[in-house]
Amino acid sequence: MFKTFKKAFALKNTYRVNGIIFSLKQIPLIKKLLPAVLYRSRGLKLFAGIVSVILELANIFVTKPVYVALMIYLPATLYQADTAAIVLHIFLLMTLIGVIMNSHLFNPTKDKYYAMFLLKMDPREYALSNYGYFLLKSLLGLGASFIVCGLLVGLRLPTCILMAFFVVFSKICFHSFLLWQSQRTGRKTYNENKPSPRIWIAIFAILLCAYGLPLINLNLSETLFYILMVPVIVFGLAGSVYLWRFQGYRRIYKELLSDNNIFFGYSEAVRQANIDTFQKKQLDSSVKVNSNKSGYGYLHEIFVKRHRKLLTRSARNFSIGIGVFLVAALVMIFISPEVAARANRMMLNSLPLALLIMYFVNRGQYVTQAMFMNCDHSMLTYRFYRQPEAILQLFRQRLRTLVAINLLPAMLIALGLPLVLYLSGGTDNPLNYLMLFLAIISMSVFFSVHHLVMYYLLQPYNVELQSKSVTYAIVNYITYIIPFAFMYIKLPTIAFGSCMVGFAILYVILSLVFAYKYAPKTFKLR
């Protein structure tokens, strides 16, 4: 089994090294300096191999501590209560989400496909050795993180150590149960990359309990943690035996590692299936398609009418969720004076947190993807569609549409936050109400412009609907990291709101200039 793991690790490392070289060749300022012969360059492969090992170590001793710090430790310090108890409470509930969403065993990846179906490695030995390595990394990374985090908040050392074992044995319990259920019932194998709506609802409920219950002084205790530890270890050991004896790994991975799951070698059938998902199932057949406009304005209006459900459904769902949340928040303000005081402080000093909320609420990336899959992936094959006049006319039309779609949930937030501030105790400076409204609208417009401009300047997709732009992925990652970092910054509402409004105006102007100047050259199929 160790021999299988060694070969599999070498295969994964080779795949990662070639991926690093490929990524470097996609960066605009570097790609011309790197010829294709570099894939056989020993020097560069050695360098990429070192980077690969560094990434592996970073996955253990960087990403996991960052996760514990950002998702458990820092949120726990925001509550005015027993920080140690809240850390343990958040940890227990976030472990449930990690068990469901991060299994490794049920994650279809290309290196698994290469190993088991191209190189004919034994599926059982491959699965067990790599799953064991995954659990060992989790134990080491989370163990070190929990010890540091736990000791900082006052947890006992044995509790900190057991927290890491709790995560590992919880994963074994759940994953062995999924294998047993699949084997017994013959149901479709669980794919962690394609969670069902019920799973998403459960995850949302768990997140609400993890971060919401401490607001009303309810949290899971250390005693409950030790009580849960006993059955988790017992069933975890039994699950380990089941995983070791299980003989159906080939069947499991044959189902998981289909082309449609790992996006390997898009066939015409898969490509058409994706198009069908976005076109046939989402077209609004109840709307009579007509328009009084002409030219590209006519094309855009017809597109919007035919795909109204697809373009607006997500924004409407977010609006409903936001409305429910605001009503619940107002009820809590009336019920609990303590919650009202906290809400008032947040409205006056925690507006940067709204930047992360608006990042998730904004539908820019989703809508631009729909535009590509339902229109641009076909139209960009025609030369007239790539002319500067066509691109710029459609860009203006789409920008107005995208801003309007995103303003639906944004307007609810922009009106709801001043209302929360007023009902939670108000403020002596009426400018705070105005700034809350303007800052949220500015954030919505900023993200709308940002996603559309990035789509036109870094159009990432090819005709087979695969994302091929590393630069686009990097920009999207940075777009997420910055709002996430602002989550823990506290600034007066007037100061941050004024900066946000000014920045949004400047960014919109610069983005439009760049789009008008470069989009005719960059908006093309990859």
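Each remark here, short or long, concerns the structure printed above.
All values reported here derive from a predicted model rather than from experimental measurement.

A. Main features of the overall build of the protein. If you tally the helices and strands in the protein, you get 21 helices and zero strands. Classification of the 526 residues of the protein by burial places 47% in the buried group. Of all intrachain contacts in the protein linking residues separated by at least 6 positions in sequence, the fraction that spans at least 24 positions is 82%.

B. Seen up close, the packing of helix H5 (residues 110-118) against helix H10 (residues 249-256). For the pair H5 and H10, interaxial distance at closest approach is 11 Å and the crossing angle is 130 degrees. On the basis of their axis angle, the class for H5 and H10 is oblique. Along this stretch, H5 crosses H10, giving a crossing that reads as left-handed. Contacts between H5 and H10 involve Lys112, Met116 and Phe117 from the former and Arg250, Tyr253 and Lys254 from the latter. The residue inventory of the contact of H5 with H10, partitioned by class, reads three nonpolar, no polar and three charged.

C. Spatial organisation of the packing of helix H13 (residues 295-306) against helix H18 (residues 388-423). Two elements in contact, H13 and H18, have axes separated by 9 Å at closest approach and are oriented at 40 degrees. The orientation of H13 with respect to H18, classified from their angle, is oblique. Every pair of crossing elements has a handedness; the one defined by H13 and H18 is right-handed. Mapping the contact onto sequence places Tyr296, Gly297, Leu299, His300 and Val304 in H13 and Ala390, Gln393, Leu394, Gln397, Arg398 and Thr401 in H18.

D. Spotlight on helix H21 (residues 493-522). At tyrosine 516, H21 is bent by approximately 40 degrees, the largest bend along its length, and proline proline 520 sits one to four residues beyond. For H21, the full list of buried residues reads Thr493, Phe496, Gly497, Met500, Val501, Ala504, Tyr507, Val508, Ser511, Ala515 and Ala519. Tucked inside the fold, the buried residues of H21 contact helix H15 (337-349), helix H16 (353-361), H18, helix H19 (431-457) and helix H20 (470-486).

E. Local environment of the nonpolar core. Counting 67 residues, the largest nonpolar core has Leu351, Tyr385, Ile440, Met443 and Tyr456 as the members making the most contacts within it. Listing elements by their share of this core, those giving two or more residues are H13, helix H14 (308-335), H15, H16, helix H17 (364-379), H18, H19 and H21. If near-sequence neighbours (up to four positions away) are discounted, methionine 443 is found in contact with Leu351, Ala354, Leu355, Met358, Phe496 and Met500. Tyr113, Val153, Phe225 and Leu243 belong to the second-largest nonpolar core, a separate cluster that totals 60 residues.

F. Unusual backbone geometry, seen in detail. Positive phi values are uncommon outside glycine, yet histidine 104 reaches one of about 65 degrees. Along the polypeptide, histidine 104 turns up in the loop between helix H4 (83-101) and H5.

G. Focus on the side chain of arginine 342. Topologically, arginine 342 is positioned in helix H15. For arginine 342, the residues in contact, after removing those within four places along its chain, are Tyr79, Gln80, Pro214 and Leu215.

H. The environment of asparagine 344, seen in detail. As for its position among the elements, asparagine 344 is in helix H15. With relative accessibility at 13%, the residue asparagine 344 sits in the buried group. Between the C-alpha atoms of asparagine 344 and leucine 421, which are 77 residues apart in sequence, the distance is 5.5 Å. Contacts of asparagine 344, omitting those with residues within four sequence positions, involve Leu421, Ser424, Gly425 and Gly426. A polar side-chain atom of asparagine 344 sits 3.3 Å from a polar atom in the side chain of serine 424.

I. Local environment of the pattern of salt bridges. Taken as a whole and judged by the stated rule, the model has four salt bridges. The partner of arginine 156 in a salt bridge is glutamate 222, with the nearest N and O atoms 3.1 Å apart. With a gap of 66 residues between them, arginine 156 in the loop between helix H6 (123-153) and helix H7 (157-185) and glutamate 222 in helix H9 (residues 222-245) connect regions that are remote in the sequence. In this structure, the salt-bridge partner of arginine 398 is aspartate 376, at a minimum N-O distance of 2.8 Å. Highlighted residues: arginine 398 in helix H18 and aspartate 376 in helix H17, separated in sequence by 22 residues. In this pair, the class of arginine 398 matches that of aspartate 376, namely buried.

J. Structural detail: the packing of aromatic side chains. This structure, assessed with the given rule, holds 30 aromatic pairs. Geometrically, the ring pair formed by phenylalanine 360 and tyrosine 480 is edge-to-face, given 6.2 Å between the ring centres and 70 degrees between the ring planes. Taken together, the residues span a long stretch of sequence, with phenylalanine 360 in helix H16 and tyrosine 480 in helix H20 at a distance of 120 residues. With a centroid separation of 5.6 Å and an interplanar angle of 85 degrees, the aromatic rings of tyrosine 455 and tyrosine 456 are classed as edge-to-face. Grouping residues by exposure puts tyrosine 455 and tyrosine 456 together as buried. An aromatic cluster is present here, built from Tyr359, Phe360, Phe446, Phe447, Tyr480, Phe484, Phe503 and Tyr507 joined pairwise through their rings. Above the ring of tryptophan 244, the side-chain terminus of arginine 124 is found at 4.8 Å from the ring centroid.

K. Up close: the side chain of serine 103. You can see serine 103 is positioned in the loop between H4 and H5. Looking at serine 103, its side chain comes within polar contact range of the main-chain nitrogen of phenylalanine 106, at 3.1 Å. Within polar-contact distance, the side chain of serine 103 engages the side chain of glutamate 192 at 2.4 Å. Those residues in contact with serine 103 that lie beyond four places of it in its chain are Tyr131, Phe134, His175 and Glu192.

L. Local environment of the state of the cysteines. Tallied over the full model, the rule gives zero disulfides. The thiol of cysteine 160 is not disulfide-bonded; the next cysteine sulfur, from cysteine 149, is found 7.7 Å away. Judged by relative accessible area, cysteine 160 falls into the buried class, the value being 0%.

M. Seen up close, helix H3 (residues 63-77). Here H3 is 15 residues long and its end C-alpha atoms lie 20 Å apart, about the 21 Å a rise of 1.5 Å per residue gives. Along its length, H3 shows its largest kink, about 40 degrees, at alanine 69.

Rules of the game
Residues numbered from 1 in each chain as written. Predicted model: local features only at pLDDT ≥ 70, side-chain atom pairs only at ≥ 80, totals over all residues. Heavy atoms only, no water. Helix = DSSP H or I, 4+ residues; strand = E, 2+ residues; numbered from the N terminus. Buried < 20%, exposed > 50% of the residue type's maximum accessible area, 1.4 Å probe, protein only. Contact = heavy atoms within 4.5 Å. Axes fitted to C-alpha atoms, helices over the stretch in contact; angles between N-to-C directions. Parallel < 35°, antiparallel > 145°, perpendicular 65-115°, else oblique. Left-handed = near helix turned anticlockwise from the far one by under 90°. Nonpolar A, V, L, I, M, F, W, Y, C, P; charged D, E, K, R; others polar. Bend = angle between axes of the 7 residues up to and from the residue. Core = buried A, V, L, I, M, F, W, Y, C linked by side-chain atoms within 4.5 Å. Polar contact = N/O pair within 3.5 Å; in protein donor to acceptor, adjacent residues only side chain to side chain. Salt bridge = Lys/Arg side-chain N within 4 Å of Asp/Glu carboxyl O. Phe/Tyr/Trp six-rings, centres within 6.5 Å; stacked < 30°, edge-to-face > 60°. Lys NZ or Arg CZ within 6 Å of the ring centre and 35° of its normal. Disulfide = S-S within 2.5 Å. Expected span 1.5 Å × (residues − 1).

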